Amino acid sequence: MFRLSKHGFWEILIGTVLLALCGAGLAWLWWPLAAIPAAIWLWLIAFFRDPDRNIPLSAHHMVSPADGLVSDVMEITTDSPVDEPALRIGIFLNVFNVHVNRSPCAGKVARVIYKKGKFLNAMDHSGASSDNESNTIVLVDEASSAGGTVDARPKVAMKQIVGLIARRIICTVRPGDTVTQGERVGLIKFGSRTELYVPLRLAPTALVRVGQKVVGGRDVLVRLGEGATNGAAGHSPASTPDAQAEPHHP
């Protein structure tokens, strides 16, 4: 079913009025020119589409937080939003992708960290990741472990990053909120980058490779090691891009 994100209401309203006026003026000059603002209006509507997805629920997998192209798969040892070494998967969203962000797993929002910054090209994963304006959502596991205590260490982090065109980040969750796997948690307007960080102590294995297209909430990006759901897993190196499998399509 086709649906629009509520976060695009004003952009669609203002854009419709301006494009209608522009189309009327161009049609008065030469009617075929009216096709130009009509095409832009169709793109604007498509940009704010918010399709429903079949989420492959699993405590041992991390689903994609965004639609787009995998731009990097690497281990991070410094400046990690989970405060420890992590596997990072970066996803580039072009202006034709769905821009709704989804939670990679179920959990409780521990922190939401907004950082002002630059508007570098989101394809530049080295500069954009560290220097661009961003918003990071850190989740912890709400479920109790076998010992009856809750592991308060970060389970995963999702970072929303602006790009050259994107100028606004929408985040709909706050610290203390509980989210389900694949739940909508925000949107980035007009081209951007989204990153997934999974602590290495959870023994994550990347299931995607650089250059692969992924669908938010539907494709599985990471498989966790045995015992990872209760924080008992040790570190095992993430798989290399050449050895990675195709994403899961239920």
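This report concerns the structure included in the present document.

Thresholds, definitions, all that
- Residues numbered from 1 in each chain as written.
- Predicted model: local features only at pLDDT ≥ 70, side-chain atom pairs only at ≥ 80, totals over all residues.
- Heavy atoms only, no water.
- Pairing = 2+ DSSP bridges.
- Helix = DSSP H or I, 4+ residues; strand = E, 2+ residues; numbered from the N terminus.
- Axes fitted to C-alpha atoms, helices over the stretch in contact; angles between N-to-C directions.
- Buried < 20%, exposed > 50% of the residue type's maximum accessible area, 1.4 Å probe, protein only.
- Salt bridge = Lys/Arg side-chain N within 4 Å of Asp/Glu carboxyl O.
- Phe/Tyr/Trp six-rings, centres within 6.5 Å; stacked < 30°, edge-to-face > 60°.
- Patch = residues over 30% accessible without salt bridge, like charges linked within 9 Å, V, L, I, M, F, W, Y side chains within 5 Å.
- Areas by Shrake-Rupley, 256 points an atom, 1.4 Å probe, with all protein chains shown as cover.
- Expected span 1.5 Å × (residues − 1).
- Arc of directions from axis to C-beta.
- Contact = heavy atoms within 4.5 Å.

Spatially, 4-10-8 is the arrangement adopted by the three strands of the open sheet, whose pairing is antiparallel. What marks the edges here is a single partner per strand, and that holds for strand 4 (100-102) and strand 8 (168-171). Taking each pair of neighbouring strands and ignoring which way they run, the sheet shows an average axis angle of 20°.

On the basis of which strands lie adjacent, the open sheet formed by three strands has the order 1-14-12 and antiparallel pairing. The open sheet has two edge strands with one neighbour each: strand 1 (61-63) and strand 12 (205-206). Pairing geometry for strand 1 and strand 14 (residues 220-223), over three bridges, is antiparallel. The residue of strand 14 that forms the bridge with Met62 is Val222.

The residue Asp79 is not glycine, and still its phi comes out positive at about 55°. Although it is not a glycine, Asp83 adopts a positive phi angle of roughly 65°. In this structure, Asp83 sits in the loop between strand 2 (68-76) and strand 3 (86-93). Looking at Asp83, the relative accessible area reads 61%, which means it is exposed.

Attention now moves to the pairing of strand 5 (residues 107-115). Strand direction decides the pairing type here: strand 5 and strand 9 (residues 178-179), joined by two bridges, are antiparallel. Its bridge partner lying in strand 9, Gly107 is registered against Val179. Note that strand 5 and strand 6 (residues 134-140) share seven bridges and pair antiparallel. Pairing of Lys108 across the sheet is with Val140, part of strand 6.

Time to look at the pattern of salt bridges. Applying the stated rule across the entire model yields 13 salt bridges. With its nearest N and O atoms 2.9 Å apart, the salt bridge here joins Arg53 to Asp67. Pair noted here: Arg53 is in the loop between helix 2 (35-47) and strand 1 and Asp67 is in the loop between strand 1 and strand 2, with a separation of 14 residues, a long-range link. Using a relative accessible area of 8% as the deciding quantity, one classes Asp67 as buried. Here Glu84 makes a salt bridge to Arg201, at a shortest N to O gap of 3.0 Å. With a gap of 117 residues between them, Glu84 in the loop between strand 2 and strand 3 and Arg201 in the loop between strand 11 (192-199) and strand 12 connect regions that are remote in the sequence. Like Arg201, Glu84 is buried.

Tracing the sequence through the fold places Glu142 in the loop between strand 6 and strand 7 (154-162). Here Glu142 falls in the partly exposed class, since its relative accessible area comes to 43%. Expressed as a C-alpha distance, the spacing of Glu142 and Val109, which sit 33 residues apart in the sequence, is 9.2 Å.

Counted according to the given criterion, the structure contains three aromatic pairs. Consider the rings of Trp43 and Phe47, whose centres lie 5.8 Å apart with planes at 45°: the pair is tilted. With Trp43 and Phe47 both in helix 2 and four residues apart, this pair spans about one turn of that helix. Note on Trp43: relative accessible area 26%, which makes it partly exposed. Residue Phe47 is classed as buried on the basis of its relative accessible area, which comes to 1%. When the ring of Phe47 is compared with that of Phe48, the centres are 5.0 Å apart and the planes differ by 80°; the resulting orientation is edge-to-face. Both residues of the pair, Phe47 and Phe48, belong to the buried class. Three or more aromatic residues joined by ring pairs form one cluster here, namely Trp43, Phe47 and Phe48.

Together, Phe9, Trp10, Leu13, Ile14, Val17, Leu18 and Leu21 give the surface a local cluster of nonpolar side chains, amounting to about 760 Å² of exposed area. Mapped onto the elements, Ile14 comes out in helix 1 (residues 9-29).

The next point concerns helix 1. Counted at 1.5 Å a residue, the expected span for helix 1 with its 21 residues is 30 Å, and the 30 Å between its end C-alpha atoms agrees. Regarding helix 1, the residues found buried are Ile12, Gly15, Leu19 and Gly23. All buried residues of helix 1 project into a common sector of 65° when viewed along the axis, lining one side. Along helix 1, the residues that are exposed and aim more than 90 degrees away from the buried face are Trp10, Leu18, Leu21 and Trp28. Lining the buried residues of helix 1 we find helix 2.

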